[in-house]
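Each chain, letter by letter, is given below.
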Amino acid sequence: MGRAAAAGGGAGGARRWLSWLGLCFWAAGAAAARGADNGEALPESIPSAPGTLPHFIEEPDDAYIIKSNPIALRCKARPAMQIFFKCNGEWVHQNEHVSEESLDESSGLKVREVFINVTRQQVEDFHGPEDYWCQCVAWSHLGTSKSRKASVRIAYLRKNFEQDPQGREVPIEGMIVLHCRPPEGVPAAEVEWLKNEEPIDSEQDENIDTRADHNLIIRQARLSDSGNYTCMAANIVAKRRSLSATVVVYVDGSWEVWSEWSVCSPECEHLRIRECTAPPPRNGGKFCEGLSQESENCTDGLCILGIENASDIALYSGLGAAVVAVAVLVIGVTLYRRSQSDYGVDVIDSSALTGGFQTFNFKTVRQGNPLLLNSSMQPDLTVSRTYSGPICLQDPLDKELMTESSLFNPLSDIKVKVQSSFMVSLGVSERAEYHGKNHSGTFPHGNSRSFSTMHPRNKTPYIQNLSSLPTRTELRTTGVFGHLGGRLVMPNTGVSLLIPHGAIPEENSWEIYMSINQGEPSLQSDGSEVLLSPEVTCGPPDMTVTTPFALTIPHCADVSSEHWNIHLKKRTQQGKWEEVMSVEDESTSCYCLLDPFACHVLLDSFGTYALTGEPITDCAVKQLKVAVFGCMSCNSLDYNLRVYCVDNTPWAFQEVVSDERHQGGQLLEEPKLLHFKGNTFSLQISVLDIPPFLWRIKPFTACQEVPFSRVWCSNQQPLHCAFSLERYTPTTTQLSCKICIRQLKGHEQILQVQTSILESERETITFFAQEDSTFPAQTGPKAFKIPYSIRQRICATFDTPNAKGKDWQMLAQKNSINRNLSYFATQSSPSAVILNLWEARHQHDGDLDSLACALEEIGRTHTKLSNITESQLDEADFNYSRQNGL
C-alpha cells in the first residue's frame, strides 16, 4: 500500500513536472515569436504548487463588425498564469493582447482578464470554410483550458426588400395577410409593422398576429383596420422601410326586408319598398342588388279606369318620362366629369407641364367658356401665327408678373392660348391666357439670361472664360425674401438655397444671406473621415420657417452606398461640428437626397453645414478635377506649367481660377475628371512628349509624386505641381506636350497641351462651368419652374391617400424618392415638400418633362385600377383630347 501511494505520488509529481515543462517550452516559443531578446532567462526550477485547471469566468461572445469599427473580444479565467487568443487556428501576437490581473478575495486565486481587437480588414482578408473565429487558451499549474469559439462577422443590411407588402381590398370580417420579406442582412433583421406610421402591438390586439415569418395577419378585418401599412426591418447596422401597402376594408350593402304594401291607388296598384341600409355600403363596397321598390295590381285585374282618369294617366306618363330624362342627363354628366377628374381633382394628363415644349397656336380671342369641353365644340381654324419652341407656364395668379414678364417680348401684343385636358381638369384653363407686352425697365437690356424661367429642353453647357468668374471677395450673396419665397444662388459654386412659397409668414420679409468658407476648413476630419464639400453658411441663424427650405451643396464623392458612408454635419455656436444625420439613415428632422454631383438637404433651421465621407472599402472614389495652366517667367526663355488637382466642386476650381488670374496664368486645356481611389496609393504627375531640340525640362522634374494623404485629405484646398520648361532659342513660340496624371493601381487622365507662349498668338481656352443665374436672388413665382396654381392642384390630388394607391408616396416613388418617406409623412403637405425637392434638383434644367412623365405614369396606373366602365370612359376622353390637340 505504501509503495502504491508512493508510486501514485510519484506519478502525480511527474504529471505536474511535465505540465510545467510544457508551459516553459510554450513560454520560450512565445518569446521567440515576438522577437524578445531582452536577456531574461526562464526560471531554473519550477515551483511545485497544488492547483486546478483554469476555469473560464467569462468567455468570448460572437460579435459583429459595424461599418469600419473594430470589436473587442474578452475572456476571464481563474486561476490563470497566462491567457492568449488563437484566431482561425493561429496564435495572436502577444503585443495585440491587453491583460489585467486581479485576486479573487473569496478563493485567493489569481484572476486574469485579456482582450484583443479584431478589425474589419482582418475579417475581410480571411478566406476559410467557416466564419472568422477566435478562442482563449488559459494556463495554470496543472495544464490548459480552452474557451468556446466566438465567431466574428461583418454586419450589413441590404437596401431592397426581397418582398414588399401589397395593398388589398377585403370585405369586412375577411382575413388580411400582408407578406414581408426583409432585406438580406447579418445579423438577420427584425421586423416591425407600422400602420399609418404608428407601431402595431400585436400583444394589445388578439385579432392581429405578426409572428408568422414576418407576415402581418389580421384574422377578421374591421373597418378600423383600413390604412397604410409599412414593414420596418432593422438590425444593428441600419433600418429599412418597405413600400407602403394600402388596405381598404369595405362593406357590401344589403337590403332591408320589404315594407308592407301601400293602400290601393286610384290606378288600382299598390307599392312596397326596401332600402339599402342593413348595412349601407361603405369604403367602396357594392350597392345592393335587386329592386328597391315593386308594384302590382291590387284588384286582381277587376279595376276599370274611367274616361276622366285618361288625362291623369297622360299627365303622369309625361312627368315620368321627364324624370327619367333628367336622371339620364345627370348620370351622363356625372360619369363624364368622373372621367375628367377622379375624387374631384385628378392628374392623369401631363400636357400642362409638357405644354412648355409643344407647338402653340397664337390666335385672336373668341368668346366662350374654355371650360366647356365636349364633342360639339369645333376647332378654331383661324390661326394667325404658329410658334414652336420653349414656352414656360407662368403662374396666372401673379398679374404683375404676367404684364411685366419679357417671356413673350418677341411676340408683342399676340395672345397665347394654352389648352390642355389636364388644365381643364384642374379648372385653371380659363386663366391660362396671357398677353405678352414689352415693358422697358423690367429686366436689364442686352442680357439674354433674365429672370424668366424659359429653359430649352436640349440646352448646351454654358461656356465661360476665366475673366468672367468673380473674385474671392464675392463668395457671399444676400437677398430679401417674403411670403412668396424664392431662390438664392451663389454663381459658379453649385451652392443654392430654395425658400418655398409660404415658408415666411405673410407681411414679413427677411434678408437672407449665404456664404462659403474660403480659409482653412474649420471641420477637422476624424480618423478616415474626409471633407467632401465646401462649408456653407446660410442665415440669419435665428430665423424660423414654417416649411422646410432646400439647401443644395456640391460634393466630390463618386456616390455609392457600398463604398461610402456620407454624413451631413452642422457647426454649433461653440464652433464644434456635430453630425445631423447619415444620408442613408431614417430621420424626421431633415432629409438628404444625394445626386451624383450635389446633395439636396431639406432643413428647418439655418446655420453652417458641410458633407463628410467615411470610406467603407478601398473602392471608395473621390472625383478630382485636373487642369493645367501656363505662364511666362521672368526669364524670357523659361515657361512654367502648373498642374492642379482639386476636389470636383465648382467652388474649389473657382479658387484655382482666381489665383491663376492674379498670377497671369492661362488655362491651356479644358479641365478633365479623374477618379481617385481610396486605396492608399499615391498620385503621379509627369510631362511627356516634349519636342526635342526645341524644349527641355529641367532635370529631376519631369515626374513628380504626391502622397496619397495629401490628395485624399485635401479638404477642398487646391493641390498643384509646377514644371519648368526652357526653350533652346527665343524663336520657339509653339509648345506641345502631354500631361499625364495617374494614380498607382488606379485611373489616369491625359491633358494635351497645344499652345503659343505669345499672348498675341495664344488661343483663349474656354471651359464648361456650372450654369448659374447671373442674378443671385430670384423672388416670387419667377424663381420656380412649376406654376403655383398647378402646384396647388397637384398637392390637392396627392396629399389625401385613397384606396387606389394614388397618393404622395406614389408621387415620391415616380420621382425617384424611395427612402426615408417618414420625413414627408410628418409634413402638413407631403406633396408640396416633394415638389420643393424637385425644384431644387432641377434648378438648372427646369426639366418639366420628368415631372410630366411621372404624372402621366401615375395616371396610367390609376386607370388600370379603375373598373372597366371608368377605363373605357377615360380612354375615350383621352383619345378625344389628343385628337383635338388638347
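What you are looking at is a predicted structure, and each value in this text was computed from that prediction instead of being measured.

What counts as what
- Note that residues are indexed from 1 along each chain, following the sequence as it is written.
- This being a predicted model, a pLDDT of at least 70 is required before a residue's local features are given, and a value of 80 or more before pairs of side-chain atoms are given or counted; all residues contribute to the totals for chains, interfaces and linings.
- Water and hydrogen atoms play no part in the side-chain values, which are based on all heavy atoms of the structure.
- Only DSSP runs of H or I reaching four residues or more are called helices, and only runs of E reaching two or more are called strands; each is numbered from the N terminus.
- Throughout, exposure labels follow a simple rule: accessible area from a 1.4 Å probe, protein chains only, divided by the maximum for the residue type, with under 20% read as buried, over 50% as exposed, and the rest as partly exposed.
- We call two residues in contact when some of their heavy atoms are within 4.5 Å.
- Surface accessibility in these figures is a Shrake-Rupley result with a 1.4 Å probe; residues are shielded only by whichever protein chains are displayed.
- Note: two strands are recorded as paired if DSSP finds a minimum of 2 bridges between them.
- For every element, the axis is a line fit to its C-alpha atoms; helices are fit only across the contacting stretch, and the angle between N-to-C directions ranges from 0 to 180 degrees.
- When the sulfur atoms of two cysteines come within 2.5 Å, that pair is taken as a disulfide.
- Buried residues of nine kinds, namely Ala, Val, Leu, Ile, Met, Phe, Trp, Tyr and Cys, make up a nonpolar core once their side-chain atoms join them within 4.5 Å.
- In a helix, the anticipated span is given by 1.5 Å times the number of residues less one.
- Roughly parallel covers angles under 35 degrees, roughly antiparallel covers those over 145, roughly perpendicular covers 65 to 115, and oblique covers all other angles.
- Should the near helix be turned counterclockwise from the far one by less than a right angle, the crossing is left-handed, whereas a clockwise turn marks it as right-handed.
- Three categories are distinguished: nonpolar for Ala, Val, Leu, Ile, Met, Phe, Trp, Tyr, Cys and Pro, charged for Asp, Glu, Lys and Arg, and polar for the others, with Gly belonging to the last.
- Confidence per residue, as judged by the predictor, is encoded in pLDDT with a range of 0 to 100.
- Think of a patch as exposed residues, more than 30% relative accessible area, with no salt bridge, where like charges cluster within 9 Å and nonpolar side chains (Val, Leu, Ile, Met, Phe, Trp, Tyr) cluster within 5 Å.
- Any carboxyl oxygen of Asp or Glu within 4 Å of a side-chain nitrogen of Lys or Arg constitutes a salt bridge here.
- Nitrogen and oxygen atoms within 3.5 Å of one another constitute a polar contact, given that in protein one can donate a hydrogen and the other can accept it, and given that sequence-neighbouring residues count only through two side-chain atoms.
- Any pair of Phe, Tyr and Trp rings, taking the six-membered ring for Trp, is counted once the centres come within 6.5 Å. Such a pair is stacked with planes under 30 degrees apart, edge-to-face with planes over 60 apart, and tilted for the rest.
- Any Lys NZ or Arg CZ that is within 6 Å of a ring centre and within 35 degrees of that ring's normal is treated as a charge sitting over the ring.

**Student:** I tried to follow the overall build of the chain on my own but got confused; where do I start?
**Tutor:** The number of helices and strands found in the chain is 14 helices and 51 strands. The buried share among the 886 residues of the chain stands at 45%. Taking all contacts inside the chain whose residues are at least 6 apart in sequence as the whole, residues at least 24 apart take part in 71%. For the chain, the accessible area works out to roughly 45200 Å², and carbon and sulfur atoms hold 51% of it.

**Student:** Looking at this structure, how should I read the sheet that holds strand β6 (residues 98-103)?
**Tutor:** Strand pairing in a sheet takes place through backbone hydrogen bonds and is either antiparallel or parallel in direction. With antiparallel pairing, four strands are arranged side by side in an open sheet as β1-β3-β7-β6. The sheet is open, and its two edges are formed by β1 (55-58) and β6, each paired on a single side. Between one strand axis and the next, the sheet turns by 25° as a mean value, whatever way the strands run. Sheet topology places strand β3 (residues 71-78) next to strand β7 (residues 110-118); seven bridges connect them, and they run antiparallel. Bridge assignment links A72 to a residue of β7, and that residue is N117.

**Student:** How do you make sense of the state of the cysteines when you look at a structure like this?
**Tutor:** Should the sulfur atoms of two cysteines be covalently bonded, the bond is a disulfide. With the rule as written, the count across this model stands at five disulfides. Each disulfide pairs two cysteine sulfurs, and for C75 the partner residue is C136, the sulfurs being separated by 2.1 Å. Looking along the S-S bond of the C75-C136 disulfide, the torsion reads about -105°, which is the left-handed sense. Here C75, found in strand β3, pairs with C136, found in strand β8 (residues 132-139); they are 61 residues apart in sequence, far enough to count as distant. For C75, a relative accessible area of 0% translates into the label buried. In this model, C264 is linked to C298 through a disulfide, with the two sulfur atoms separated by 1.7 Å. The chirality of the disulfide connecting C264 with C298 is right-handed, given an S-S dihedral of about 40°. Highlighted residues: C264 in the loop between β20 (245-250) and β21 (269-273) and C298 in the loop between β22 (293-297) and α3 (310-340), separated in sequence by 34 residues. Residue C298 is classed as partly exposed on the basis of its relative accessible area, which comes to 25%.

**Student:** Quick question: what am I supposed to make of the nonpolar core here?
**Tutor:** Burial of nonpolar side chains together is a common tendency in soluble globular proteins. L497, L551, L641, I739 and I741 are the most contacted members of the largest nonpolar core, which totals 77 residues. Here this core takes six residues from strand β41 (residues 638-647), the largest share from any one element. With residues near it in sequence (within four places) discarded, L497 still touches G486, R487, L488, I512, M514, C538, F549, A550, L551 and F606. Y591, I790, I817 and L835 belong to the second-largest nonpolar core, a separate cluster that totals 31 residues.

**Student:** Is there a simple way to think about unusual backbone geometry in this case?
**Tutor:** Most peptide bonds take the trans form, and the phi angle of most residues other than glycine is negative. The step from R78 to P79 runs through a cis peptide bond, and the omega angle for that step is -15°. Cis geometry marks the peptide bond from A278 to P279, where omega comes out at -5°. For T680, which is not glycine, the phi torsion reads 70° and is therefore positive. Considering the arrangement of structural elements, one finds T680 in the loop between β43 (672-677) and β44 (683-688). Accessibility expressed as a relative area gives 57% for T680, which makes it exposed.

**Student:** In this structure, what is going on with helix α7 (residues 650-663)? I would like to understand it.
**Tutor:** Owing to its 3.6 residues per turn, the α-helix brings residues three or four apart onto one side. With 14 residues, α7 should cover 20 Å at 1.5 Å per step; its first-to-last C-alpha distance of 20 Å lies within 8% of that length. Three or more residues of α7 are buried, namely W651, A652, F653, Q654, E655, V656, V657, S658 and E660. Phi turns positive, to about 80°, at G664, one or two residues after α7.

**Student:** Mind showing me how you'd approach the packing of helix α9 (residues 788-798) against helix α12 (residues 830-841) here?
**Tutor:** When two helices pack together, you describe them by how their axes are tilted relative to each other and by the distance separating the axes. Contact pair α9 / α12: the axes reach a minimum separation of 8 Å and the direction vectors enclose 130°. As far as their axial angle goes, α12 and α9 are oblique. For the element pair α9 and α12, the recorded crossing hand is right-handed. The residues of α12 that touch α9, namely those facing R791, I794, C795 and F798, are S831, A832, L835 and N836. Tallied by class, the residues present in the contact of α9 with α12 amount to five nonpolar, two polar and one charged.

**Student:** Would you take a moment to explain the confidence of the model for the chain for this structure?
**Tutor:** As a general rule, the predicted coordinates of low-pLDDT regions are not to be interpreted in detail. Across the chain, the average pLDDT comes to 74, with 71% of residues at or above 70. At the low end of the mean pLDDT range in the chain sits strand β27 (residues 463-464), at 32; at the high end sits strand β30 (residues 495-499), at 95. Residue range residues 1-49 is modelled with pLDDT below 50. Its contacts to residues more than four positions away, or to other chains, number 26 contacts. Taken together, the stretch residues 341-474 has pLDDT below 50 and engages in 249 contacts with residues farther than four places along the chain or on a different chain.

**Student:** When you look at a nonpolar patch on the surface in this model, what are you seeing that I'm missing?
**Tutor:** A surface patch of nonpolar side chains, about 330 Å² in accessible area, is lined by L315, Y316 and L319. Mapped onto the elements of the fold, Y316 is located in helix α3. Overall, Y316 belongs to the exposed group, its relative accessible area being 51%.

**Student:** In this structure, what is going on with the side chain of R642? I would like to understand it.
**Tutor:** Counting through the fold element by element, R642 comes out in strand β41. Within the structure, the side chain of R642 is placed 2.7 Å from the side chain of E660, a separation counted as a polar contact. Each residue touching R642, except ones within four places of it in the same chain, is listed here: A627, V628, F629, C631, E660, Q663, G665, H720, C721 and A722.

**Student:** It is not clear to me how the pattern of salt bridges should be interpreted in this structure. Could you clarify?
**Tutor:** Side-chain pairs of opposite charge can arise whenever the charged atoms involved come near each other. Applying the stated criterion across every chain yields a total of 22 salt bridges. One salt bridge connects R148 with D62, and the closest N-O pair in it is separated by 3.5 Å. Taken as a pair, R148 in the loop between β9 (144-146) and β10 (150-157) and D62 in the loop between β1 and β2 (63-66) lie far apart in primary sequence, 86 residues in all. You can call R148 partly exposed: its relative accessible area is 34%.

**Student:** How should I be thinking about the pairing of strand β49 (residues 748-756) in this particular structure?
**Tutor:** Two faces, one strand: in a regular strand the side chains alternate between the faces of the sheet. Relative to β49, strand β48 (residues 734-743) is paired through nine bridges, and the arrangement is antiparallel. Note that in β49 the partner of R742 across the bridge is E748. Between β48 and the antiparallel strand that follows it, β49, lie four residues; K745 among them carries a positive phi value of about 55°.

**Student:** How do you make sense of the sheet that holds strand β37 (residues 591-594) when you look at a structure like this?
**Tutor:** If you trace the six strands from one edge of the open sheet to the other, you get β37-β38-β34-β30-β29-β51, paired in antiparallel fashion. The sheet is open, and its two borders are formed by β37 and β51 (777-779), each paired with just one other strand. Recorded for the sheet is a direction-independent mean angle of 15° between the axes of neighbouring strands. The pairing of strand β29 (residues 486-490) with β51 spans three bridges and is classified as antiparallel.

**Student:** I'm lost on the packing of aromatic side chains in this one. Help?
**Tutor:** To describe a pair of aromatic rings, one takes the distance between the centres and the angle between the planes. The final tally for this structure, using the stated rule, is 14 aromatic pairs. Look at F549 and F606: their rings are 4.4 Å apart centre to centre, the planes differ by 10°, and that puts the pair in the stacked class. Taken together, the residues F549 in strand β34 (residues 544-554) and F606 in the loop between β38 (598-605) and β39 (607-615) connect sequence positions 57 residues apart. Assessed through its relative accessible area of 3%, F606 is described here as buried. Each ring, one from F629 and one from Y644, has its centre 5.6 Å from the other, and the planes form 85°; the classification is edge-to-face. Of the two residues, F629 is situated in strand β40 (residues 621-632) and Y644 in strand β41; the sequence distance between them amounts to 15 residues. Exposure class is identical for F629 and Y644. Each is buried. Taken together, the ring pairs connect W564, F676, F708 and W712 into an aromatic cluster. Sitting over the ring of Y513, R476 keeps its end group 4.5 Å from the ring centre. The residue whose ring lies beneath K625 is F653, and the NZ or CZ to ring-centre distance is 5.1 Å.

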